[in-house]
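# Structural overview for review
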Amino acid sequence: MLTFPIASVREVIARGRADAEANGGFRNPYYGLLPGKDEQPGLWLVGDHGVYILSNGKLADGAKALVVFAEECNPTSNDDWLDAKRRTFGGDDGVDFIDAERLEAMIAASPNATHLRVVFLADTMQISVVERT
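Residues numbered from 1 in each chain as written. Predicted model: local features only at pLDDT ≥ 70, side-chain atom pairs only at ≥ 80, totals over all residues. Heavy atoms only, no water.

Turning our eyes to something else, we now look at the environment of Arg132. Structurally, the position occupied by Arg132 is in the segment after strand 7 (125-130). In this structure, the C-alpha to C-alpha distance between Arg132 and Ala65, residues 67 residues apart in sequence, is 27 Å. Those residues in contact with Arg132 that sit more than four places away from it in its chain are Thr3, Glu71, Glu72, Thr114 and His115. In this structure the side chain of Arg132 is engaged in a polar contact, spanning 3.0 Å, whose partner is the side chain of Thr3. (Helix = DSSP H or I, 4+ residues; strand = E, 2+ residues; numbered from the N terminus. Contact = heavy atoms within 4.5 Å. Polar contact = N/O pair within 3.5 Å; in protein donor to acceptor, adjacent residues only side chain to side chain.)

Shown next as structure tokens:
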């Protein structure tokens, strides 16, 4: 299981929208394989050097997207990040797109939620919001 603070998730979505407005849209989750399809607000869940969410708005030249690491898989604050990545995301690098509108609806339906939780099962990824104290 990986968790991200809801406030940080909202920041990533907002930054993606601001970048898209300023720079001509959203980056395609298919990396250009299907230009013009599914270019919508969202975030990418990325596993490589840690696991993090990343804003998907198009960026100005030289700009960097907003990145927020999973609490359990942050190389700068967790010495066991690689083990956590392997146990949750797997050993290979990869990316999954998460639709912003659906995610925002889930968050709005649970106003006391504090964290986004991502659980990886054998053949699926489950996303939920939870309240942690």
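Still more ground to cover, so stick around.
Time to look at the packing of aromatic side chains. Centre-to-centre distance and the angle between the planes together describe a pair of aromatic rings. Evaluation of the coordinates by the stated rule reveals two aromatic pairs. Centroid distance Tyr52 to Phe69: 5.2 Å. Interplanar angle 65 degrees. Geometry classified as edge-to-face. Of this pair, Tyr52 sits in strand 3 (residues 50-55) while Phe69 is found in strand 4 (residues 67-69), placing the two residues 17 residues apart along the sequence. Residue Phe69 is classed as partly exposed on the basis of its relative accessible area of 26%. Ring geometry for Phe89 against Phe120: centres 5.5 Å apart, planes inclined by 75 degrees, an arrangement best described as edge-to-face. A residue pair is termed long-range when its members are at least 10 positions apart, and Phe89 in the loop between helix 2 (81-88) and strand 5 (94-99) and Phe120 in strand 6 (residues 115-120) qualify at 31 residues. (Phe/Tyr/Trp six-rings, centres within 6.5 Å; stacked < 30°, edge-to-face > 60°. Buried < 20%, exposed > 50% of the residue type's maximum accessible area, 1.4 Å probe, protein only.)

With respect to the secondary-structure elements, Asn56 resides in the loop between strand 3 and strand 4. Polar side-chain contacts of Asn56 include one of 3.2 Å to the backbone nitrogen of Gly42. If we ignore the near neighbours within four places in the chain, the residues touching Asn56 are Gly16, Phe26, Arg27, Gln40, Pro41, Gly42, Trp44 and Phe97.

Summarising the element assignment, Gln126 is placed in strand 7. Classification of Gln126 by relative accessible area gives partly exposed; the value is 43%. Taking C-alpha positions, Gln126 is 9.5 Å from Met1, a pair spaced 125 residues apart along the chain. Setting aside chain neighbours within four positions, we find Gln126 in contact with Arg117, Val118, Val119 and Leu121.

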